[in-house]
Amino acid sequence: MKHLVTAEQMKHFDSYTINTIKIPSMVLMERASLAVRDFILSGNFDLTNVIVVAGYGNNGGDGLCVARLLKIAGATVRVVSVGNSEHESTEHAAQRKICQYYHIDLQTATEALADATLIVDAIFGIGIDRPIAGPQEQIINAINAVNAKIVAVDVPSGINTDTGEVMNVAVKATATVTFAFNKVGLTVAAGPTYAGQVEVAADMGTYAVDDN
Ligand SMILES: NC(=O)C1=CN([C@@H]2O[C@H](COP(=O)(O)OP(=O)(O)OC[C@H]3O[C@@H](n4cnc5c(N)ncnc54)[C@H](O)[C@@H]3O)[C@@H](O)[C@H]2O)[C@H](O)CC1
Ligand SMILES: [K+]
């Protein structure tokens, strides 16, 4: 199996896993998020004030799941949501409802970022498809200005999964935990600089069909 994939290939493998093999998307999301949690817990990160910055897609859904898993592990965690909540994905909605049972609130104020000891970047993953602007641009600039380590979920938000180009702005991460396979965009152009240390969470259940 190829060790570098494009967004389209990754989406194909995810879709085959979910729709043909019938491993539920929420199971993949939980396994992906467990890999992020394990990376953070095994690393040299200060968990006394973790801020998860989450979009409303499945990358954001991963972020909410990571927030829950870190809180269960004893971290102090808050979530800052950014984007248009009307575009909330099914899985993001499910993770948001689960968070309510763990008393994890979703706030939108970005002031919390200033004192963060660790930021988890879950704004965009492989779904980015246009230059970043508006509130996402503002919060990415705020994230990059904070003196805290940053762990990106799957892809540093703003980096093009296939070309490694910066889509106007991008999170400059300390490390990136990417799911199933490394992404072409993390190895070329600006990708390596913005991804930081790349951890490939290989064992998270995605089945790679090589029929394309
Ligand atoms: N690989 C796996 O096994 C799994 C991956 N997962 C995670 O799912 C994301 C991909 O999620 P998706 O909802 O397709 O896209 P994003 O969350 O990256 O983006 C959300 C949404 O945002 C819109 N969008 C794109 N560019 C922009 C922009 N510049 N400004 C505003 N909005 C934008 C677009 O409509 C996107 O759909 C993957 O990275 C993983 O984190 C799953 O958890 C399951 C397992
Ligand atoms: K991200």
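Residues numbered from 1 in each chain as written. Chains lettered and ligands numbered in written order. Predicted model: local features only at pLDDT ≥ 70, side-chain atom pairs only at ≥ 80, totals over all residues. Heavy atoms only, no water.

Under an unreviewed UniProt entry, the name given to the protein is NAD(P)H-hydrate epimerase, and the source organism is Paucilactobacillus wasatchensis. Within the UniProt record for the protein, the comment given under Function (unreviewed entry) is "Catalyzes the epimerization of the S- and R-forms of NAD(P)HX, a damaged form of NAD(P)H that is a result of enzymatic or heat-dependent hydration. This is a prerequisite for the S-specific NAD(P)H-hydrate dehydratase to allow the repair of both epimers of NAD(P)HX." Under the UniProt heading Sequence similarities (unreviewed entry), the note attached to the protein is "Belongs to the NnrE/AIBP family." (UniProt positions renumbered as here; feature names shortened; annotations may be inferred.)

Before going further, it helps to spend a moment on the coordination of the potassium ion (ligand 2). Reference geometry at the metal: tetrahedral coordination by four donors gives ideal angles of 109.5 degrees; octahedral coordination by six donors gives 90 or 180 degrees. Looking at the potassium ion (ligand 2), the protein donor atoms are Asn59 (OD1), Asp121 (O), Phe124 (O), Val153 (O), Val155 (O) and Ser157 (OG), and they sit 2.6 to 3.1 Å from it. Between the six donor atoms coordinating the potassium ion (ligand 2), the angles at the centre fall across 68 to 171°, so the site counts as irregular. Every donor residue of the potassium ion (ligand 2) comes from the same chain, spaced as N-x61-D-x2-F-x28-V-x1-V-x1-S. Here the residue Phe124 occupies a position in the loop between β5 (118-122) and α5 (134-145), and Val155 occupies one in the loop between β6 (149-153) and β7 (175-179), the gap between them amounting to 31 residues. On the basis of relative accessibility, which here comes to 25%, the residue Phe124 falls in the partly exposed class. (Donors = N, O, S within 2.8 Å, 3.2 Å for Na, K, Ca; no water. Tetrahedral: all angles 85-135°; square planar, octahedral: opposite > 155°, others 65-115°. Helix = DSSP H or I, 4+ residues; strand = E, 2+ residues; numbered from the N terminus. Buried < 20%, exposed > 50% of the residue type's maximum accessible area, 1.4 Å probe, protein only.)

Now for the sheet that holds β6. The strand order across the open sheet formed by seven strands is β4-β3-β2-β5-β6-β7-β9, and the pairing between neighbours is parallel. Two strands bound the open sheet, and with one partner strand each, they are β4 (106-107) and β9 (197-201). Across the sheet, helix α2 (residues 25-42) is in contact with β5, β6, β7 and β9; its angle to β7 comes to roughly 155°. (Pairing = 2+ DSSP bridges. Contact = heavy atoms within 4.5 Å. Axes fitted to C-alpha atoms, helices over the stretch in contact; angles between N-to-C directions.)

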